[in-house]
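# A closer look at the structure
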Amino acid sequence: MAEKRIIGTSIQGRPLEAFRMGDPKGTTVVVIGVIHGNEDAGLLITDQLVTMDIPKGINLWVVPTVNPDGTALNQRGNANRVDLNRNFPYNWAKMGKPGYWQYAGPMRASEPETKAVVAFMREIKPALGIWYHQDLNMISPGEGLEGTMRNAYSRLTGIPIKRITGGRYTGVAATWQRNTIKNGMAFVVELGETLNTAQAKVHSSAVLNISMLLRDAPSSKLGQ
């Protein structure tokens with residue numbers, strides 16, 4: 001049975017929900033289904049995860065969406081039209097104005113959704129975060145144990161490892177997590193344009209598999 005928590009509220013008053021399952025003293029992993037409101041295929045994966053048996057020694061937190069207003073409005077940004085994945089406090093930079101698709105907000109962590117996620121992550125201190133996006137169908141390469149987990153996720157799901165080229169990536173949630181949470185790792189899974197239930201089950205199983213890989217890793221490799 002999942003434990004449900006409200007970790008904050010959106011601008012329009014929608015709850016930011018988090019579900020905890022498994023061993024509270026185990027290796028903490030957090031999965032975020034949606035950060036860009038119009039990229040919501042990750043919800044199918046989080047729906048699967050909250051019904052699954054969690055392996056021994058895993059403390060799994062599932063956050064279906066950190067941008068419920070964006071999903072309700074079918075737009076990338078939140079109700080202020082801020083791209084939450086440009087609003088996190090690590091390496092934040094001014095970008096665009098309201099209406100620009102990657103508008104970074106008036107200042108770092110200006111949005112209530114960002115503030116809620118920052119406080120939540122600092123509290124639970126996850127060893128790993130997985131953030132779902134669409135629709136590039138790729139996972140960027142990584143190094144050390146994090147690279148091993150990215151490769152394993154790729155192998156289990158068929159999503160290729162590719163390097164993102166071009167673009168300006170400031171205030172990114174996964175980058176903030178990786179650089180702020182002690183010994184924390186995080187990566188983005190770019191899903192394709194569509195996802196069905198059968199594919200979502202493959203992804204949810206992959207989450208549990210790499211969580212076990214992390215759980216069983218020698219402590220000397222953690223934080224690499």
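These numbers come from a predicted model, not from an experiment.

Each helix and strand counted, the protein chain has 6 helices and 6 strands in total. Along the first, second and third principal axes, the C-alpha atoms of the protein chain reach 45 × 40 × 35 Å. Considering the protein chain as a whole, with its 224 residues, one finds that 53% of them fall into the buried category. Here the analysis covers contacts within the protein chain between residues at least 6 apart in sequence; of these, 73% occur between residues at least 24 apart. Summed over all atoms, the accessible surface of the protein chain reaches about 10,100 Å², with 49% contributed by carbon and sulfur. Across the protein chain, the 25 positively charged side chains and the 18 negatively charged ones have centroids separated by 7 Å.

For helix α5 (residues 173–180), the complete set of buried residues consists of A173, A174, W176 and Q177. End-on, the buried residues of α5 take up no more than an arc of 160°, which puts them together on one face. On its buried face, α5 is in contact with β3 (27–34), α3 (112–124), β5 (128–134) and β6 (185–191).

Here N78 lies in the loop between α2 (68–73) and α3. Within the structure, N78 has its side chain in polar contact with the backbone nitrogen of N80 (distance 3.0 Å). Ignoring anything within four residues of it in the chain, the contact list for N78 reads I11, N67, L84, E111 and E113.

One can describe the packing of α3 onto α5 by two numbers: an axis separation of 11 Å at closest approach and a directional angle of 35°. Along this stretch, α3 crosses α5, giving a crossing that reads as right-handed. Across the interface between the two elements, V118, M121 and R122 from α3 touch W176, Q177 and T180 from α5. Its residues placed into classes, the contact of α3 with α5 shows 3 nonpolar, 2 polar and 1 charged.

With that out of the way, let us pick up the sheet that holds strand β4 (residues 58–65). Strand-to-strand pairing in sheets goes through backbone hydrogen bonds, with the strands running parallel or antiparallel. Strand order in the open sheet formed by 6 strands is β1-β2-β4-β3-β5-β6, and the pairing between neighbours is mixed. Two strands close off the open sheet at either side, each with one partner strand: β1 (3–9) and β6. Shown here is a sheet whose adjacent strand axes are inclined to one another by a mean of 20°, direction ignored. Across the sheet, α5 touches β3, β5 and β6, and the angle it forms with β6 is around 165°. Lying over the sheet, helix α6 (residues 197–215) contacts β3, β4, β5 and β6, oriented at roughly 155° with respect to β5.

What counts, and where the lines are drawn
- Residues numbered from 1 in each chain as written.
- Predicted model: local features only at pLDDT ≥ 70, side-chain atom pairs only at ≥ 80, totals over all residues.
- Heavy atoms only, no water.
- Helix = DSSP H or I, 4+ residues; strand = E, 2+ residues; numbered from the N terminus.
- Buried < 20%, exposed > 50% of the residue type's maximum accessible area, 1.4 Å probe, protein only.
- Contact = heavy atoms within 4.5 Å.
- Areas by Shrake-Rupley, 256 points an atom, 1.4 Å probe, with all protein chains shown as cover.
- Lys, Arg positive; Asp, Glu negative; His and termini not counted.
- Charge placed at Lys NZ, Arg CZ, Asp CG, Glu CD.
- Arc of directions from axis to C-beta.
- Polar contact = N/O pair within 3.5 Å; in protein donor to acceptor, adjacent residues only side chain to side chain.
- Axes fitted to C-alpha atoms, helices over the stretch in contact; angles between N-to-C directions.
- Left-handed = near helix turned anticlockwise from the far one by under 90°.
- Nonpolar A, V, L, I, M, F, W, Y, C, P; charged D, E, K, R; others polar.
- Pairing = 2+ DSSP bridges.

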